[in-house]
Every structure is written in C-alpha cells, then in structure tokens.
Amino acid sequence: MKINRRHFLIGTSALLALQDGFASEPSLAHDPRRPQFHLLPAKNWMNDPNGPIYFNGKYHMFFQYNPLAAVWGDMSWYHSVSPDMIHWTHLPIAFTPTPGGPDSFGCFSGSAIGVGGRVYQVYTGTRVASKELATIRDGEDKIQESQCLAYSDDPRLIQWTKLPQPIIPLPPTGMQVTGFRDPSAWKQGDWYYMTVGSGVANVGGCVLLYRSKQIEVPTRWEYLHALTGGEWNGHKTANPCDDGEMWECPDFFALDGGHVLIYSTLGKVFWQSGELDTAAMKFHVSKTGELDLGAFYAPKTQLDAHGRRILWGWIQERRSQDAMRAAGWSGMMSLPRVLNLDSNGTLRVTPLPELDQLRDGALPVKASGGCTLPDASGELLCAGVPGSSLELTMSEGTTELLRVRYLPEKHTMIADGKEFPLENGDAPVVHAFVDGSVIEVILGQRIGYTKRFYFEGSVAPGIDVRVAGSSGIKLSAWKIKAISSNRLTTQAS
Ligand code: FRU
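Quick caveat: nothing in here was measured; it's all calculated off a predicted structure. (Residues numbered from 1 in each chain as written. Predicted model: local features only at pLDDT ≥ 70, side-chain atom pairs only at ≥ 80, totals over all residues. Heavy atoms only, no water.)

### Thoughts on the overall build of the protein chain
- Scanning the protein chain for helices and strands turns up 4 helices and 34 strands.
- The C-alpha extent of the protein chain, read off along each of the three principal axes, is 65 × 50 × 45 Å.
- Residue burial in the protein chain is summarised as follows: out of 493 residues, 59% are buried.
- Look at the contacts in the protein chain between residues 6 or more apart in sequence, and 58% of them connect residues 24 or more apart.
- Here the protein chain has roughly 18500 Å² of accessible surface; of this, 52% comes from carbon and sulfur atoms.
- Of the charged side chains in the protein chain, 45 are positive and 50 negative; the average position of the first set lies 1 Å away from that of the second. (Helix = DSSP H or I, 4+ residues; strand = E, 2+ residues; numbered from the N terminus. Buried < 20%, exposed > 50% of the residue type's maximum accessible area, 1.4 Å probe, protein only. Contact = heavy atoms within 4.5 Å. Areas by Shrake-Rupley, 256 points an atom, 1.4 Å probe, with all protein chains shown as cover. Lys, Arg positive; Asp, Glu negative; His and termini not counted. Charge placed at Lys NZ, Arg CZ, Asp CG, Glu CD.)

So, in structure tokens, the structure goes:
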C-alpha cells in the first residue's frame, strides 16, 4: 500500500466519487490504452490479486477494487471467472466493507482455501481505530488491521458470508508491528497454517506464522513464530513498506521438491527458496531473487487444474492520479506466469503456454531484423544465443519504449539499464507481450520486466521492434486476438 493511496481516501473519497465516472463506458471500450487481452475490471481502480482459486472446473480471480473511483479507496473484492485463465467474465463484486464491522474501512488482500465444497477467503479487515490499536502507522496512525474470514458454499462463488468477528483480531502480544495484513492459509496434516505479512520498526519485515485445527473458529489461531524475515534498509520512510520494515502479501508454497516464499516490499517483489522443516515449521532459505524488474507488485499464486503453480501480479500504472481519473480505469492483472524451481533452487518463470491460443497469425519479420506490431499489440519471442550479443528495442515513432540487451561477456541481460545476471545454462530469451499500454517481458525464462507506456489520442500506434546482435538471433512475432469485443467493459450485474 502506498501512503498517498490511503491519504487520498481519508476524507476525500466521496468528492472524488462525484468527480469520477466521466470516462463513460463507450470511451473505455475504445480507449486504445486499455488492454485487449489482460484481465481488468469494467472500470475504476484495481490493485492486488486476491484469493485466486480453481474451483468446480472454473478459475475464480478476485482482486482489490474501488467501486467508486479510478484511484485507491473503499477496498472491495472484484470477482471474475474464466474457463482457462485467459478469457474472463466479470461477476458481481464479492465483498465490500461492512459498516460498523472489522472491515468497515476496507477489505484488504487475502487468499483462498478450498475445503470440500466450501471456499474460504482469509483477508484483512481494516477499520479506523485508536492510536493504541492502530497497526498502520505510516500516516494518520489510526487504521487497525485484523484477519477476517468469508466463506461460500455457492458452486459459482457468487454468494459470500462474512464472519462478523475477526479470526485473528490482534497482532502477537508485545509485538509493535509495522503492519499486520494479507493472510494466506493452507492445510498440512491436522493443522491449518496461516502466514500474515508484518514487520518490526528499525528491524525489518517478516512473515508471521499461525496455526489452528479449525479454520473458522475465532481465538483458536495460535501464533507460532516468524517464518522468516529480512532487514530494514536503514533509511526511514513514512511508509514502512518503502524501507523494508514491512513485508506485504506473503505467499508460501511447496514447489518442485522445495518451498518458495514470495513477498513485496521496497516497491519490489522478492522470492526466497529453501526447505521447510515441517516439525519445527521453520523455513531455511537458501536462495533469493527478484520476480520482476518493473511495474509489478503484490503477486499471489494458485494451483491450476494440472497442478502447475501460477503467478498473478498487479500491473501498476505509471501515470498521475488526474490521468487515471480522466481515463476512468487504473491497473490490470499480469498474464498468468508458470513458476518452477530448478535443481539449483532457482525460480523459473515462463508465460502460461496456452497463451499461444491467442496468436492470430504471424507478423512479417524483416531480413534486417525487426517487425512492426500494429495497434500497439502483439507477442514477440526473441531467442538469442549464449556467447553472442543481442539488442532488442521497441519504439513508437521516435520515442523509445524499451531496450533489452544481452552482454555475452557478462552473461547478463540489461532491461532499460537494470542488470540481470543469468546463470550457467540460461539462454538469453526475450518473450514479450504488448497490449495497449503495457509491455510484459520475461527475460531468460527467469524474471519479469513489466513496463508501462502511454501515447496520446484515440488511435493505437504501431510499435517498431528492432533486433540486432552478433549471430543466430531468431525473432518471431504474432498478432494477438482480443479476449472480448469491448475491452472487458461489460459490468458485473
Ligand atoms: C499491497 C497492499 C496490501 C493491502 C492492499 C490494500 O499493494 O498494500 O498490503 O492489503 O494493498 O489495497
């Protein structure tokens, strides 16, 4: 969470709600900056993916949503459903803040767990509280966070029931936390375990671990210890998420024989891989890295129908609040990325292979190396050769949008100046999806680089792609089919 998001909300959301909405539905449907094959709500602001789950043969995605405006506020859970994680239909909003309830200020992020025919969502309820009870201290010192639960026995997951009281009302006794949110639960043996994002001032962010034999009984959740934690960077900021004192959105899961933790802090997303000691419930970290070098935050994973671990992230805007309000929408979901852990404990990232069904014909590649993506849209696969240099640029007219290079002498990829060293055996592959105002790149099948770009006017420009390098580079490019006829502006009813 960014402090300006919350400050913005306090006291001003009603006014903004009146100002918003001047981007009418037809203009949203024809806004060429609105994506054609990424998930986003019909209008308004979205942020983190919440509680994605494969249930009853369908993929359900929820995410942080402001029903009133294209800026952060009044956090509710939007709901969309898909047969394949690619094509989406919007459903009614799953839950909104309950006046007088523990989530009266907002239903913050959380995660799903299916138990038989029932789906539980654990999430963070926030309410305005006294300074003593406040767990958010980066601004007004008055937001209390507690872990809440909602469940659904509805096969379509449209009807939800919230428990009136939190299942974990307060942080561990005696701990002065820098935040207390974004729960994620799983079952292991006879126990349910839950992680909560947190941290301690001047010490660093951490992940709190709880357990309970019953998921929905308040007060039964027992605090065990911090699963893992990190160091404060020493530079005090108003928002503890900006200096590493608070870790948001932890997601902990088994993968390919090891365990992986994902968390967000310092405006970035990190992963850790290692071993879980299941007797002591301690996580021994052996390797760490970043998940994306760009506009990608607060991701969450799920298992798909085939047991693959799928990563979803919030693609942030890089434009002003005024521009977001004028556009009438803000943010989108990343494309699904498949995660794997290799035998070295390194996280591998690839776009969901089934995305290739969106390919709508190959685009011509010039002999000199390069192509044009019409309508600011398309997919690119550029395979370089280890030991040979590679440079790929994308531009719109004279404006350069992105430059990726591979330096063979350092076996390193550089995306807009950000260096990413490859490991032995990694190939310098650039896989990119361009969609209206986003370029989502996966570098070396290892790390994302999500880049936003904006152009003026009502017509999407062509994007020129140029590839140069020493030898053996293979470039393929495709047009991409839209996943809806109206840029997903059909409202949930
Ligand atoms: C991450 C985050 C979460 C919080 C949510 C609120 O972007 O700050 O920690 O639950 O957004 O919208």
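### Structural notes on empty space enclosed by the protein
- Under the criterion given, the structure shown has 4 cavities of 30 Å³ or more.
- If you add up the space inside the second largest cavity, you get close to 60 Å³.
- F37, H38, L39, M85, I86, W88, W312, M333, S334, L335, P336 and L355 together form the lining of the second largest cavity.
- Residue composition of the lining of the second largest cavity, grouped by class: 10 nonpolar, 2 polar and no charged. (1 Å grid on protein atoms, 1.4 Å probe; cavity = no way out; pocket = protein on both sides within 12 Å on 5 of 7 lines; lining within 4 Å. Points joined across faces, edges and corners; volume = space filled by probe spheres on them. Nonpolar A, V, L, I, M, F, W, Y, C, P; charged D, E, K, R; others polar.)

### So, the domain arrangement of the protein chain
- Under the domain assignment used here, the protein chain contains domain 1 (17-350) and domain 2 (359-480).
- Relative to domain 2, the C-alpha centre of domain 1 lies at a distance of 30 Å.
- Contact with domain 2 buries surface across domain 1, with R33, F37 and L293 losing the most and accounting together for 30% of the total.
- Connecting domain 1 to domain 2 are 4 salt bridges. (Domains from an automatic or database assignment. Buried area = accessible area lost by both parts, 1.4 Å probe. Salt bridge = Lys/Arg side-chain N within 4 Å of Asp/Glu carboxyl O.)

### Focus on the side chain of N486
- Within the fold, N486 resides in the segment after β34 (474-480).
- In this structure N486 comes out as buried when scored by relative accessible area, which is 19%.
- Of note is the side chain of N486, whose polar atom sits 2.6 Å from the side chain of T490. (Polar contact = N/O pair within 3.5 Å; in protein donor to acceptor, adjacent residues only side chain to side chain.)

### Points about the packing of aromatic side chains
- For the coordinates displayed, the defined rule picks out 21 aromatic pairs.
- With a centroid separation of 6.0 Å and an interplanar angle of 70°, the aromatic rings of W77 and Y123 are classed as edge-to-face. In this pair, W77 is assigned in strand β3 (residues 76-82) and Y123 in strand β6 (residues 118-128), connecting sequence segments 46 residues apart. Here the two residues W77 and Y123 agree in accessibility, since each one is buried.
- Between W186 and Y193 the ring centres are 5.8 Å apart and the planes differ by 20°, which places this aromatic pair in the stacked class. Residue W186 shares its accessibility class with Y193, and that shared class is buried. (Phe/Tyr/Trp six-rings, centres within 6.5 Å; stacked < 30°, edge-to-face > 60°.)

### Concerning the nonpolar core
- If you look at the biggest cluster of nonpolar residues, it comprises 60 residues, and the most contacted ones within it are W88, V260, I262, L291, L339 and L347.
- Looking at this core, you find at least three residues from each of domain 1 (17-350) and domain 2 (359-480).
- Those residues in contact with L347, other than ones at most four positions away along the chain, are L255, V260, W271, L291, L339, N340, L341 and R446.
- In terms of nonpolar packing, the next biggest core, distinct from the first, is built from 34 residues, C382, L402, L422 and V467 among them. (Core = buried A, V, L, I, M, F, W, Y, C linked by side-chain atoms within 4.5 Å.)

### What to know about the side chain of H431
- Following the sequence through the fold, H431 ends up in strand β30 (residues 429-435).
- Side-chain polar atoms of H431 contact the side chain of E379, separated by 2.7 Å.
- Those residues within four positions of H431 in sequence are excluded, and the remaining contacts are P351, R359, E379, L380, L381, E440, V441 and I442.

### Side note on the sheet that holds β6
- With antiparallel pairing, the 4 strands of this open sheet are ordered in space as β5-β6-β7-β8. With one partner strand each, in any of the chains shown, β5 (106-115) and β8 (161-162) form the two edges of the open sheet.
- One ladder, built from 8 bridges, connects β5 with β6; its direction is antiparallel. Pairing of S111 across the sheet is with V122, part of β6. (Pairing = 2+ DSSP bridges.)

### What to know about the environment of K187
- If you trace the backbone, K187 turns up in strand β9 (residues 177-188).
- A relative accessible area of 47% means that K187 is categorised as partly exposed.
- K187 has contacts with I113 and Y192, leaving out every residue within four places of it along the chain.

### A few points about the pattern of salt bridges
- The full count for this structure, using the stated rule, is 25 salt bridges.
- Here E317 makes a salt bridge to R452, at a shortest N to O gap of 3.0 Å. Taken as a pair, E317 in the loop between β18 (309-315) and α4 (321-327) and R452 in strand β32 (residues 447-452) lie far apart in primary sequence, 135 residues in all.
- Between D426 and R446 there is a salt bridge, with the nearest N and O atoms lying 2.6 Å from each other.

### Observations regarding the sheet that holds strand β13 (residues 248-255)
- An order of β13-β14-β15-β16 is seen for the 4 strands of this open sheet, with the pairing classed as antiparallel. Of all the strands in the sheet, the pair left with one neighbour each is β13 and β16 (282-290). Taking the axes of each pair of neighbouring strands and ignoring which way they run, one obtains an average angle of 25° across the sheet.
- Of the pairings in the sheet, the one linking strand β14 (residues 258-265) to strand β15 (residues 268-277) comprises 7 bridges and is antiparallel in character. Looking across to β15, one finds that H259 is bridged to G274. (Axes fitted to C-alpha atoms, helices over the stretch in contact; angles between N-to-C directions.)

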